[in-house]
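The chain contents come next:
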Amino acid sequence: AYVRLGIPNKFHVVARNMDGTFNRDATQLAQQLITRFDLLPDYITDGFTGPQSIRAVSESLARELIMYGSCGGEIVLDKARMPKRIQPISTTQIKFVADAASKTLVPWQYIADQKIQLDIPTFVYVTLDQSLLNPYSESPIESAIKPAIQSEQFSADINRIISKVIHPRQKVKIDEEALRKHLSPEAQVDENVANAELNAIISSIESKINGLRPEDALVFLSSLDFVIENSSNSGLSSEYEVLQNIANARMSTGSKTNGTVLGFASGSSNIASSEILLFMKSATGAVKTPLEEFWSRVFTLSTRLFGLDVVVEFRYNAIDLRPEAELLAFQQTKQMIILEQLSLGLISDEVASLQLTGKLPDPGMKPLSGTGFRTNANPSVNEQKVDQATNPSNS
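Residues numbered from 1 in each chain as written. Predicted model: local features only at pLDDT ≥ 70, side-chain atom pairs only at ≥ 80, totals over all residues. Heavy atoms only, no water.

We now examine the sheet that holds strand β6 (residues 114-117). Working definition: the strands of a sheet are paired by backbone hydrogen bonds and lie parallel or antiparallel to each other. Here 3 strands make up an open sheet; going across it, the order is β4-β5-β6 and the pairing antiparallel. Of all the strands in the sheet, just β4 (94-99) and β6 have a single pairing partner and so form its edges. Taken over all neighbouring pairs, the strand axes of this sheet differ in orientation by 40° on average, direction set aside. Pairing of strand β5 (residues 104-111) with β6, which is carried by 4 bridges, proceeds in the antiparallel orientation. Directly across from Y110, in β6, lies its bridge partner K115. (Pairing = 2+ DSSP bridges. Helix = DSSP H or I, 4+ residues; strand = E, 2+ residues; numbered from the N terminus. Axes fitted to C-alpha atoms, helices over the stretch in contact; angles between N-to-C directions.)

Under the defined criterion, the tally for this structure stands at 12 aromatic pairs. Ring geometry for F96 against Y125: centres 5.7 Å apart, planes inclined by 70°, an arrangement best described as edge-to-face. Taken as a pair, F96 in strand β4 and Y125 in strand β7 (residues 123-127) lie far apart in primary sequence, 29 residues in all. This pair shows no difference in class: F96 is buried, exactly as Y125 is. Site record: aromatic cluster; members linked through ring pairs are F11, F37, F294, W295, F299, F314 and Y316. Taking NZ or CZ as reference, K115 lies 5.4 Å from the ring centre of W108, over its face. It is R322 that lies over the ring of F330; its NZ or CZ is 4.7 Å from the centre. (Phe/Tyr/Trp six-rings, centres within 6.5 Å; stacked < 30°, edge-to-face > 60°. Buried < 20%, exposed > 50% of the residue type's maximum accessible area, 1.4 Å probe, protein only. Lys NZ or Arg CZ within 6 Å of the ring centre and 35° of its normal.)

This part covers the layout of surface pockets. Each pocket or cavity is described by its volume, and for the largest pocket that value is around 1300 Å³. Contributions of two or more residues to the lining of the largest pocket are made by α1 (2-6), β1 (11-17), α3 (54-68), α11 (328-344) and α12 (349-357). Residue composition of the lining of the largest pocket, by class: 15 nonpolar, 9 polar and 9 charged. Lining the second largest pocket are 17 residues, and of these R63, I66, M67, S139 and I141 sit closest to its centre. Elements supplying a minimum of two residues to the lining of the second largest pocket: α1, α3 and α9 (259-262). Among the elements that make up the lining of the second largest pocket, the one with the highest residue count is α3 (4 residues). Tallied by class, residues from the lining of the second largest pocket come to 10 nonpolar, 4 polar and 3 charged. (1 Å grid on protein atoms, 1.4 Å probe; cavity = no way out; pocket = protein on both sides within 12 Å on 5 of 7 lines; lining within 4 Å. Points joined across faces, edges and corners; volume = space filled by probe spheres on them. Nonpolar A, V, L, I, M, F, W, Y, C, P; charged D, E, K, R; others polar.)

Turning next to the nonpolar core. Core analysis: the largest hydrophobic core is formed by 38 residues, its most contacted members being I54, I86, V287, L291, F294, W295 and F299. Elements with a contribution of two residues or more to this core: α1, β1, α2 (24-39), α3, β2 (70-77), β7, α10 (269-304) and β10 (310-316). Per-element accounting of this core gives the leading share, 10 residues, to α10. The residues touching V287, leaving out its near neighbours within four places in the chain, are Y2, G6, I7, A62, L65 and I66. Core analysis: the next-biggest nonpolar cluster, separate from the first, contains 10 residues, V14, I347, V351 and L354 among them. (Core = buried A, V, L, I, M, F, W, Y, C linked by side-chain atoms within 4.5 Å. Contact = heavy atoms within 4.5 Å.)

Time to look at the pattern of salt bridges. In total, this model carries 14 salt bridges according to the counting rule given. Residue R4 is joined to E59 by a salt bridge in which the shortest nitrogen-to-oxygen separation is 2.9 Å. Taken together, the residues R4 in helix α1 and E59 in helix α3 connect sequence positions 55 residues apart. Note that R213 and D216 form a salt bridge whose closest N and O atoms lie 3.6 Å from each other. (Salt bridge = Lys/Arg side-chain N within 4 Å of Asp/Glu carboxyl O.)

A grouping of L39, L40, Y43 and I44 is seen on the molecular surface, where their side chains present a nonpolar patch of about 530 Å² in accessible area. The exposure class of L39 is exposed, given its relative accessible area of 60%. (Patch = residues over 30% accessible without salt bridge, like charges linked within 9 Å, V, L, I, M, F, W, Y side chains within 5 Å. Areas by Shrake-Rupley, 256 points an atom, 1.4 Å probe, with all protein chains shown as cover.)

Let us now look at α2. Here α2 contains 16 residues, and its C-alpha end-to-end distance of 23 Å stays within 8% of the 22 Å for a straight helix at 1.5 Å per residue. Within α2, the full set of buried residues consists of A26, T27, L29, A30, L33, I34 and F37. Each buried residue of α2 sits inside an arc of 160° when the element is viewed along its axis, so together they form one side. For α2, the exposed residues lying more than 90 degrees away from the buried face are D25 and L39. (Expected span 1.5 Å × (residues − 1). Arc of directions from axis to C-beta.)

So, about the sheet that holds β7. In space, the 3 strands of this open sheet follow the order β3-β2-β7, with antiparallel pairing throughout. Each edge of the open sheet carries a strand with a single partner, namely β3 (83-89) and β7. For this sheet the average axis-to-axis angle between neighbouring strands, irrespective of direction, equals 20°. Relative to β7, β2 runs antiparallel, the two sharing 5 bridges. Across the sheet, G73 pairs through a bridge with V124, a residue of β7. Running over the sheet, α3 touches β2, β3 and β7 and is turned about 145° from β2.

In structure tokens, the structure reads:
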């Protein structure tokens, strides 16, 4: 649920100089790197390298964030020391070792009997709610372990009780006096032989009854009597409901997930809307923001390897549960604000194009920043009236 909600489908990158101004060449380079990571592996030297697209790596890293509270990956370079692909690394394989020279903790990757030092600039490590007293991260849903175990044990106990007490069961009554008359002659004079034969008959009847299927017919003699026993207890249902609600509340609190996702939501629509909003905020802070930090650091280092003194901002679109068609009115308002800023010269043509379309403008596009085209496109009311009087239209 966190991965599906916390990773939007669309994103954009913007490269800026160290003073915060926009850099077109670096932004174009960052978009080329995204295309290379997504769709252009090394077809000649590389074989199968596993999932390496932006989406696949983000989903793997998001799972690491929720399960372990941190994520990491390495920028793999080719022979020319240029970015080739992103290799995610599980944080369960990372151990921190004290470095006597720098007096800091450096990461090492332990795989079987191999040790790989990760004290390199191309290794990116992002944590979530990191403790200052422990170098290792902790999962944000770690507090859900005990409620989950309790819920499983409670469910197992309920299943056993239902099978033993609540479900109807068959009860067989044997006429012992009539049965003893048909025992063997040895059993008539020897009590031990009689008990052995009776036990054998009871076991035979028990195995036959327990092996019956619902569609099988039951044929028996008059010495047997079958009764279906129904046990009921009026207080069990209310007790079960209270215990289950307690377990559900602990599960929802520990896993930081609302009841709608876990399958036991109840209450008014207002409460449900508040729960969804809180879950969206939690997904934004636990998944979306750390992934943006990870990819920003990855693309910043990748572009700087090409000799550009810039920083790259990687941003996912805002999380929204509404469909695209319903958001058209809000997108129109956003577009008007961006065009007003572009008309006044507050933003450049490249920044406006990135915000509106997610890509840089075409080379032949006419510059519009600071031209006041929005003011010229809105004549006064009198001019509009004159224009409508001289040039009437069907509208």
